[in-house]
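Structural characterization, general
These are the residues of each chain, in order.
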There are 2 protein chains.
Amino acid sequence: MTDASAPTIRPGKGLDATIGVALLGMGTVGAEVYRLLNERADEFAARIGGPLEVRGVAVSDLSRPREGVDPELLTDDALSLVQREDIDLVIEVIGGIDYPRQVVNAALKAGKSVVTANKALIAAHSGELSEAAESTGADLFFEAAVAAAIPVVGPLLRSLAGDKIESVMGIVNGTTNYILDAMYERGASYDEMLAEATELGYAEADPSADVDGHDAASKAAILASLAFHSRVSSEDVHTEGIRNITTQDIEAARAAGCTIKLLALCDRVTQADGTPGVSARVYPALVPLSHPLASVSESYNAIFVEAESAGRLMFYGNGAGGGPTASAVLGDVVAVARNIIHGGRGPRESTYAALPIADFGDVVTRYHVDMLVEDRVGVLAEISNAFSKHNVSLKTVRQENKDDLGARLVVVTHSATEKDLEETVATLNELDAVREVHSVIRMEGK
Amino acid sequence: MTDASAPTIRPGKGLDATIGVALLGMGTVGAEVYRLLNERADEFAARIGGPLEVRGVAVSDLSRPREGVDPELLTDDALSLVQREDIDLVIEVIGGIDYPRQVVNAALKAGKSVVTANKALIAAHSGELSEAAESTGADLFFEAAVAAAIPVVGPLLRSLAGDKIESVMGIVNGTTNYILDAMYERGASYDEMLAEATELGYAEADPSADVDGHDAASKAAILASLAFHSRVSSEDVHTEGIRNITTQDIEAARAAGCTIKLLALCDRVTQADGTPGVSARVYPALVPLSHPLASVSESYNAIFVEAESAGRLMFYGNGAGGGPTASAVLGDVVAVARNIIHGGRGPRESTYAALPIADFGDVVTRYHVDMLVEDRVGVLAEISNAFSKHNVSLKTVRQENKDDLGARLVVVTHSATEKDLEETVATLNELDAVREVHSVIRMEGK
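Just so you know, these numbers come straight off a predicted model, no measurement behind them. Within every chain, residues take consecutive numbers counted from 1 along the sequence as written. The naming scheme follows written order: chains are lettered A onward, ligands numbered 1 onward. Residue-level local features of this predicted model are given only where pLDDT is at least 70; pairs of side-chain atoms are given and counted only at 80 or more, and the full residue set underlies all totals for whole chains, interfaces and linings. Derived side-chain values reflect all non-hydrogen atoms in the structure, with water molecules and hydrogen atoms excluded from consideration.

1. A short note on the pairing of strand 11 (residues 300–307) of chain B
Residue and element names in this part refer to chain B.
- To sort residues, take the accessible area from a 1.4 Å probe on protein chains only and compare it with the maximum for the residue type: under 20% means buried, over 50% means exposed, and anything in between is partly exposed. Put simply, DSSP H or I for four residues or longer makes a helix, DSSP E for two residues or longer makes a strand, and each gets a number counted from the N terminus. Counting buried residues along strand 11, seven of its eight residues qualify, which places the element largely inside the surrounding structure.
- Two elements, strand 7 (residues 165–171) and strand 11, share six bridges in a ladder whose sense is antiparallel. Each residue of the ladder has a partner; that of Ser167, found in strand 11, is Glu306.
- Here strand 11 runs beside strand 12 (residues 311–318); their pairing, made up of eight bridges, is antiparallel. Residue pairing for strand 12: Phe304 is matched across the bridge by Met314.
- In short, DSSP must find at least two bridges between two strands for them to pair. In this structure, the hairpin formed by strand 11 and strand 12 is closed by a connection of three residues.

2. Focus: the domain arrangement of chain A
Residue and element names in this part refer to chain A.
- Parsing chain A into structural domains produces domain 1 (17–147 + 320–340), domain 2 (151–316) and domain 3 (362–441).
- An automatic or database domain assignment supplies the residue ranges for each domain. The C-alpha-based centres of domain 1 and domain 2 are spaced at 28 Å.
- By definition in these notes, contact holds between two residues if any of their heavy atoms fall within 4.5 Å. Taken together, the contact between domain 1 and domain 2 spans 13 residues of the former and 19 residues of the latter.
- As used here, buried area is the combined drop in accessible area, with a 1.4 Å probe, of two parts when they are placed together. Of all residues in domain 1, Ala123, Glu143 and Val146 bury the most surface against domain 2, accounting for 43% of the area lost on that side.
- Any carboxyl oxygen of Asp or Glu within 4 Å of a side-chain nitrogen of Lys or Arg constitutes a salt bridge here. Across the contact surface, domain 1 and domain 2 share one salt bridge.
- For Asp215, the salt bridge identified is with Lys119, shortest N-O distance 3.6 Å.
- Basically, the charged four are Asp, Glu, Lys and Arg, the nonpolar ten are Ala, Val, Leu, Ile, Met, Phe, Trp, Tyr, Cys and Pro, and anything else, Gly included, counts as polar. Taken together, the residues that form the side of domain 1 that touches domain 2 break down as nine nonpolar, one polar and three charged.

3. Let's talk about the UniProt feature "domain: ACT" (unreviewed entry) in chain A
- UniProt positions are given in the numbering used here, feature names are shortened, and annotations may be inferred rather than shown by experiment. With numbering aligned to this structure, UniProt lists the feature "domain: ACT" (unreviewed entry) at residues 368–442 of chain A.
- A distance of 6 Å separates the end C-alpha atoms of residues 368–442 of chain A, which is 32% helix and 47% strand.

4. Describing the interface of chain B and chain A
- Taken together, the 58 residues of chain B in the interface contact 58 residues of chain A.
- Counting the surface lost from both chain B and chain A, the interface buries some 4,900 Å², and carbon and sulfur atoms represent 52% of this.
- When the buried surface of chain B facing chain A is broken down by residue, B:Arg47, B:His342 and B:Tyr352 rank first, second and third, together holding 12% of it.
- Remark: the boundary between chain B and chain A carries four salt bridges.
- For A:Arg40, the salt bridge identified is with B:Glu308, shortest N-O distance 2.8 Å.
- Listed by contribution, the elements that provide at least two residues to the side of chain B that touches chain A are helix 1 (28–39), helix 2 (41–48), helix 6 (153–159), strand 12 and helix 12 (322–342) of chain B.
- Classifying every residue of the side of chain B that touches chain A by side-chain character gives 26 nonpolar, 18 polar and 14 charged.
- The sheet contact formed by strand 12 (residues 311–318) of chain A and strand 12 of chain B spans three bridges and is antiparallel. If you follow A:Tyr316 over to strand 12 of chain B, its bridge partner there is B:Met314.

5. Digging into the packing of helix 2 (residues 41–48) of chain A against helix 12 (residues 322–342) of chain A
Residue and element names in this part refer to chain A.
- Note on definitions: angles span 0 to 180 degrees between N-to-C directions of axes, and those axes are lines fitted to C-alpha atoms, for helices only across the stretch in contact. Across the interface, helix 2 lies against helix 12 with an axial gap of 9 Å and an inter-helix angle of 45°. It follows from the interaxial angle that helix 2 and helix 12 lie oblique. Crossing angle aside, the handedness with which helix 2 passes helix 12 is right-handed. Between helix 2 and helix 12, the residues in contact are Phe44, Arg47 and Ile48 and Leu330, Val334, Ala337, Arg338, Ile341 and His342, respectively.
- Its residues placed into classes, the contact of helix 2 with helix 12 shows six nonpolar, one polar and two charged. Geometric relationships in this document are graded by angle, where less than 35 degrees denotes roughly parallel, more than 145 denotes roughly antiparallel, 65 to 115 denotes roughly perpendicular, and other angles denote oblique. Should the near helix be turned counterclockwise from the far one by less than a right angle, the crossing is left-handed, whereas a clockwise turn marks it as right-handed.

6. Considering the pattern of salt bridges
- Applying the stated criterion across every chain yields a total of 46 salt bridges over all chains.
- For B:Arg84, the salt bridge identified is with B:Asp86, shortest N-O distance 3.0 Å.
- Here B:Arg84 falls in the partly exposed class, since its relative accessible area comes to 34%.
- Connected through shared salt-bridge partners, A:Glu32, A:Arg35 and A:Glu39 make up one network.

7. So, the environment of A:Phe304
Residues and elements named next belong to chain A.
- Within the secondary structure, Phe304 is located in strand 11 (residues 300–307).
- In this structure, the C-alpha to C-alpha distance between Phe304 and Gly170, residues 134 residues apart in sequence, is 5.7 Å.
- Those residues within four positions of Phe304 in sequence are excluded, and the remaining contacts are Ser167, Val168, Met169, His291, Pro292, Leu293, Arg312, Leu313 and Met314.

8. Observations concerning the packing of helix 4 (residues 98–109) of chain A against helix 5 (residues 119–136) of chain A
Residues and elements named next belong to chain A.
- Helix 5 packs onto helix 4 with a crossing angle of 20° between their chain directions and a minimal axis gap of 8 Å. Relative to helix 5, the element helix 4 is oriented roughly parallel. Crossing of helix 4 against helix 5: the hand is right-handed. Here Pro100, Arg101, Val104, Asn105, Leu108 and Lys109 of helix 4 lie close against helix 5, whose contacting residues are Leu121, His125, Glu128, Leu129, Ala132, Ala133, Ser135 and Thr136.
- Broken down by class, the residue content of the contact of helix 4 with helix 5 amounts to seven nonpolar, four polar and three charged.

9. Considerations on the relation of the copies chain B and chain A
- If you rotate chain B by 180° and push it 0.0 Å along the axis, it lands on chain A with an RMSD of 0.0 Å. Here the symmetry operator amounts to a two-fold rotation axis. Minimal C-alpha separation from the rotation axis in chain B is found for B:Gly344, amounting to 1.9 Å.
- A shared binding surface is used by both copies, with 100% of the interface residues of chain B retained as interface residues in chain A. A least-squares superposition brings the copies together, and it is based on the C-alpha atoms of residues with pLDDT no lower than 70 in both.

10. A closer look at the sheet that holds strand 2 (residues 52–58) of chain B
Residue and element names in this part refer to chain B.
- The sheet built from six strands is open, its strands ordered 3-2-1-4-5-6 with parallel pairing. With one partner strand each, in any of the chains shown, strand 3 (74–75) and strand 6 (140–141) form the two edges of the open sheet.
- In this structure, strand 1 (residues 19–24) lies alongside strand 4 (residues 89–92), joined through four bridges in parallel fashion. Residue pairing across strands places Ala22 opposite Val90, the latter belonging to strand 4.
- The sheet strands contacting helix 1 are strand 1, strand 2 and strand 4, and the helix crosses strand 2 at an angle near 155°.

11. With respect to the environment of A:Glu436
Residue and element names in this part refer to chain A.
- Note on placement: Glu436 falls in strand 17 (residues 434–443).
- Take Glu436: its relative accessible area is 39%, and that puts it in the partly exposed class.
- The sequence separation of Glu436 and Met371 amounts to 65 residues, and the corresponding C-alpha distance is 5.7 Å.
- Excluding residues within four positions of it along the chain, Glu436 makes contact with Asp370, Met371 and Leu372.

12. Regarding the UniProt feature "active site" (unreviewed entry) in chain A
Residues and elements named next belong to chain A.
- Listed under "active site" (unreviewed entry) in the UniProt record, and renumbered for this structure, are Lys219.
- Considering the arrangement of structural elements, one finds Lys219 in helix 10 (residues 214–228).
- On the accessibility criterion, Lys219 (5% relative accessible area) is buried.
- Once residues within four sequence positions are removed from consideration, Lys219 is found in contact with Lys119, Ala145, Val146, Ala147 and Val172.
- Within the local environment of Lys219, its side chain forms a polar contact with the side chain of Asp215, the two groups lying 2.7 Å apart. N or O atoms closer than or at 3.5 Å make up a polar contact, with two conditions inside protein: a donor-capable atom paired with an acceptor-capable one, and, for residues adjacent in sequence, both atoms drawn from side chains.

13. Overview of the sheet that holds strand 2 (residues 52–58) of chain A
All names here are of chain A.
- Pairing is parallel across the open sheet formed by six strands, whose spatial order is 3-2-1-4-5-6. Every interior strand has two partners, whereas the edge strands, strand 3 (74–75) and strand 6 (140–141), have only one.
- Alignment of strand 1 (residues 19–24) against strand 2, held across six bridges, turns out to be parallel. Following the sheet pairing, Gly20 is matched in strand 2 by Glu53.
- Of the strands in this sheet, strand 1, strand 2 and strand 4 (89–92) are in contact with helix 1 (residues 28–39), which crosses strand 2 at around 155°.

14. Observations regarding the environment of B:Ser297
Residues and elements named next belong to chain B.
- Relative to the helices and strands, Ser297 is located in the loop between strand 10 (276–288) and strand 11.
- The spacing of Ser297 and Gly311 is 14 residues in sequence and 24 Å in space, taken between C-alpha atoms.
- Those residues in contact with Ser297 that sit more than four places away from it in its chain are Asn177 and Asp181.

In structure tokens, the structure reads:
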């Protein structure tokens with residue numbers, strides 16, 4: 001079927017051809033991209049083989065003044081702009097899902113290559129968008145969608161394309177890392193640190209996308225798709241946020257030689273029927289202080305990858321902000337523009353492995369269970385029985401203190417499935433000896 | 001000059017075409033690459049769009065048995081092999097310079113894309129090889145030449161192609177990091193730790209390439225070329241090794257809140273005449289314990305990049321070994337093979353900035369100067385004068401101990417040029433008050 005290759009080869013415009021650029025969005029990232037397209041114009045022309053020319057800027061509110069932008073470039077009709085004949089390359093930094101989905105689809109179908117920073121869009125609709133790109137041979141690049149300037153999409157798509165990736169584990173949301181790091185370092189409460197993060201501009205007025213894990217879930221979906229050559233969308237990601245993390249949890253983590261991080265986790269999983277599946281999930285977890293991710297402080301991001309041949313790799317840096325996001329967008333712009341000049345395409349979506357999404361109940365990890373129990377003879381045996389009844393074996397049991405309320409018991413398990421652990425907790429909650437299961441937090445990283 | 005683009009566009013062989021591969025070298029890396037080309041054949045075919053077929057394996061000694069390799073594939077004539085019509089892609093993992101230079105040149109001129117792990121070859125002859133690649137439109141990829149499986153060539157060439165890189169600072173030699181880390185952690189001497197590294201297989205019987213910094217210098221040349229879009233070869237790299245690092249130096253570093261690492265450093269430098277230049281150098285340096293590179297232990301590698309928009313980034317992992325090197329080679333193989341199937345090329349050498357190599361004397365850094373001085377009134381003033389005479393200002397002065405030999409004085413300077421520091425040391429050596437300048441070690445990282 002050699003003739004099937006015909007649509008995949010695109011001839012170049014040739015050296016020194018000017019590339020027409022449409023910029024969609026003039027928020028923090030858009031304005032920085034626009035500024036740098038001008039400031040670094042000579043460098044970009046040299047690196048690409050021809051100059052970039054911004055020929056249109058789409059904004060939602062035309063009446064708002066846009067300093068430094070030629071008013072004639074402005075339009076509120078992104079859909080028409082991206083289909084114009086003089087546009088070769090579209091930069092989408094609008095945000096949201098439905099409108100950019102419509103516009104990016106139209107651009108790709110018109111044969112325009114697209115660079116986007118929109119993680120929610122890619123995580124929800126990469127299949128549809130990839131098909132649109134495939135139909136015309138256009139490029140669809142999205143390095144900025146995960147951890148901004150930290151190269152991780154490129155390394156997974158290209159550098160590690162010859163390896164077998166076993167797992168990806170990342171701190172991919174700066175807001176929640178800032179909050180958890182501050183809780184750990186300063187002993188402050190979640191509410192205090194959320195208020196501080198909001199004041200410093202790390203958290204939005206409505207912090208739900210960050211603290212409930214949705215932002216990290218989009219990134220987990222993208223990482224899992226790339227790592228395992230399968231299609232994983234944001235709705236496939238089991239997602240838990242950090243709202244319920246208490247100072248008691250942080251202190252318990254410290255006592256166990258760990259810190260607590262909100263992790264995006266992507267793994268190959270053996271399903272209940274023995275076949276392979278893929279799991280992508282986001283939740284707060286205990287991470288041993290000796291693990292490289294434990295020392296990722298403040299609003300920094302880091303992605304930890306384990307691959308069969310490469311071993312353990314980590315990528316670390318600024319995962320958000322105008323400058324870092326613009327850096328990633330512009331790296332993609334240069335790559336896409338080179339293809340427009342020289343011909344050819346970047347790597348496209350690769351989903352040949354088509355691994356199914358494993359049931360969350362089949363996922364295996366370790367657990368830190370913090371309980372308030374009766375302080376009497378025989379309690380430990382009852383509790384141990386509840387675990388072993390559901391095939392969960394205990395690694396450590398620690399009695400923390402006793403008072404009028406009872407004794408506090410902290411249990412760390414060996415690896416067990418989510419299903420077995422959930423059933424164990426249900427059994428614990430039925431025991432008279434157990435007054436309260438205060439928290440169940442997973443433990444990740446070795 | 002649009003027609004100049006003609007030779008840069010290569011049509012693809014088309015989907016499902018078989019790609020003929022020549023493997024040059026069957027040492028640790030070559031054998032691992034060969035094994036994985038077979039083991040992961042289905043994955044590679046799916047990722048590339050067509051199967052890879054190893055059609056020849058060049059070795060120096062045909063009489064040696066090669067387990068698992070079809071004897072009909074073996075040849076000792078690499079030069080003929082790479083020019084054969086049924087070969088599309090050449091993997092060079094021979095090592096050395098002169099012979100692979102000849103073979104890789106011939107392959108590129110015959111239009112065969114080349115993947116190499118050969119840092120010495122790329123660092124010495126990238127200009128000539130890039131021209132050969134340019135003449136036919138072939139790809140020349142070398143991710144494995146720097147820090148094995150840690151993606152760093154790709155990120156510099158592609159992910160950061162839209163940014164302005166300010167500096168690259170890396171631990172790029174595992175052997176010396178193992179030795180220095182063990183000296184720091186265990187208080188052992190250089191000779192003891194070199195012996196241990198040799199026994200563990202981290203160091204070669206002749207350790208000179210590692211401990212004298214030549215291996216790191218090749219990598220520094222490649223990193224500087226990529227980061228600054230200029231041609232930097234290994235002979236442009238100021239290189240100092242770690243043979244002279246003593247336990248006294250390690251203890252002095254510890255007292256200063258630092259550790260000692262062998263660093264590859266690449267910077268933009270303002271030359272004496274005010275024009276910009278580029279500096280690439282390798283030397284042992286004090287690194288503050290708070291810096292991310294300080295915690296890179298054992299034989300791990302890490303590359304720390306600062307870019308104008310991206311800020312601080314770090315890439316960390318295994319920088320050597322059969323598996324990690326094969327991972328990087330095979331990532332390049334998949335990328336090059338995709339181009340052979342789909343048409344187009346990867347990014348080529350970019351030297352448009354053509355920054356000159358700055359004189360080492362113009363490089364600016366801080367210095368840790370450890371001296372034995374007379375223990376009498378007025379000595380500190382004399383020594384301070386020697387520094388200020390050459391425009392070197394002092395940040396801290398610490399008197400360590402006194403005995404019959406005199407007093408030990410440890411000075412840390414503010415930033416100063418190498419030239420000024422060198423003249424200062426010459427002046428110090430002339431002073432009666434100075435019995436010995438024990439060591440001058442640079443300080444890097446903030």
